[in-house]
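# Chains, contacts and geometry: an overview
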Amino acid sequence: MQQSSSAWPIGHIHSQQVSGITVIEFHGEIDIAAAQQILPDLDAATAAPGRTVVIDLTPVEFFDAYGLRLLCHAERRVTERHGWLLLVCPHPMILKILRAGDLIGRFTPLAALEEALALADSEATG
């Protein structure tokens, strides 16, 4: 099914392994409709025990409270499996939403994927 140019882009995720780290990119509009579609893929991407997971919000165009719920859900799953979750968030508006939700202490947003990968690598080798 093709979307017209006036339609809102539906949010989705893409996950991949980068040097043993699970990188999950959120794309498009992350709202209630997207959250319902994303949750099964997010659960699959965060299922492995003891993994470092990086969630990259760089490609996100819209993010609301349902996006926060997805982040908290992912963080809880990763932590329960004795892993570590890092968040890449260069968007001032999403950072404002994280602050409003009192989640900056739970997530330490990093500016770029390269920064998150370097931090994860230094923890793994340090």
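Predicted model, so just to flag it, every value in this text is computed and none were measured.

### Points about the nonpolar core
One finds F26, I55, L57 and L98 to be the most contacted residues of the largest nonpolar core, which totals 28 residues. Broken down by secondary-structure element, the contributors of at least two residues to this core are β2 (21-30), α1 (32-45), β3 (52-56), β4 (60-63), α2 (65-80), β5 (84-88) and α3 (92-100). Ignoring anything within four residues of it in the chain, the contact list for F26 reads H12, I13, L42, I55, D56, L57, P59, V60 and L70.

### Concerning the confidence of the model for the protein
When pLDDT is averaged along the protein, the result is 91, and 92% of the positions lie at 70 or above. Per-residue pLDDT, averaged within each element of the protein, yields its smallest value for helix α4 (residues 113-125) (90) and its largest for β3 (98). Counted against residues more than four places away or in other chains, residues 1-6, with its pLDDT under 50, gives three contacts.

### Here's the deal with the side chain of E25
Note on placement: E25 falls in strand β2. Buried and unpaired, E25 has R51 as its nearest opposite-charge partner, separated by 15 Å. Among the polar contacts listed, one links the side chain of E25 to the side chain of H27, at a separation of 3.0 Å. Contact partners of E25, with chain neighbours within four places excluded, come to H12, I13, H14, D56 and P59.

### A few points about the pairing of strand β1 (residues 12-18)
In this structure, β1 lies alongside β2, joined through seven bridges in antiparallel fashion. The residue of β2 that forms the bridge with V18 is I21. Between β1 and the antiparallel strand that follows it, β2, lie two residues; S19 among them carries a positive phi value of about 50°.

### Points about unusual backbone geometry
Unlike most non-glycine residues, H82 shows phi in positive territory, near 60°. By the element assignment, H82 lies in the loop between α2 and β5. Here H82 falls in the exposed class, since its relative accessible area comes to 72%. Phi is positive for D102, close to 55°, though the residue is something other than glycine.

### Focus: α3
Among all positions of α3, only I94, L95 and L98 are buried. End-on view of α3: buried residues confined to an arc of 105°, all on one side of the axis. What points out from α3, more than 90 degrees from its buried face, is the exposed set P92, M93, K96, R99 and A100. In the core, the buried residues of α3 are packed alongside β4, α2, β5 and β6 (109-110). A positive phi of about 55° marks D102, the residue just after α3.

### Digging into α2
With 16 residues, α2 extends 22 Å between its outermost C-alpha atoms, agreeing within 8% with the 22 Å of an ideal straight helix rising 1.5 Å per residue. Every buried residue of α2 is accounted for by G67, L68, L70, L71, C72, H73, A74, E75, R77 and V78. Next to the buried residues of α2 lie β2, α1, β3, β4, β5 and α3. Two or three places before Y66, at the start of α2, stands the capping residue D64, its side-chain oxygen 2.9 Å from that residue's backbone nitrogen. Once α2 finishes, H82 follows within two positions and takes phi at roughly 60°, a positive value.

What counts and what doesn't
- Residues numbered from 1 in each chain as written.
- Predicted model: local features only at pLDDT ≥ 70, side-chain atom pairs only at ≥ 80, totals over all residues.
- Heavy atoms only, no water.
- Core = buried A, V, L, I, M, F, W, Y, C linked by side-chain atoms within 4.5 Å.
- Buried < 20%, exposed > 50% of the residue type's maximum accessible area, 1.4 Å probe, protein only.
- Helix = DSSP H or I, 4+ residues; strand = E, 2+ residues; numbered from the N terminus.
- Contact = heavy atoms within 4.5 Å.
- pLDDT = per-residue confidence, 0-100.
- Lys, Arg positive; Asp, Glu negative; His and termini not counted.
- Salt bridge = Lys/Arg side-chain N within 4 Å of Asp/Glu carboxyl O.
- Polar contact = N/O pair within 3.5 Å; in protein donor to acceptor, adjacent residues only side chain to side chain.
- Pairing = 2+ DSSP bridges.
- Arc of directions from axis to C-beta.
- Expected span 1.5 Å × (residues − 1).

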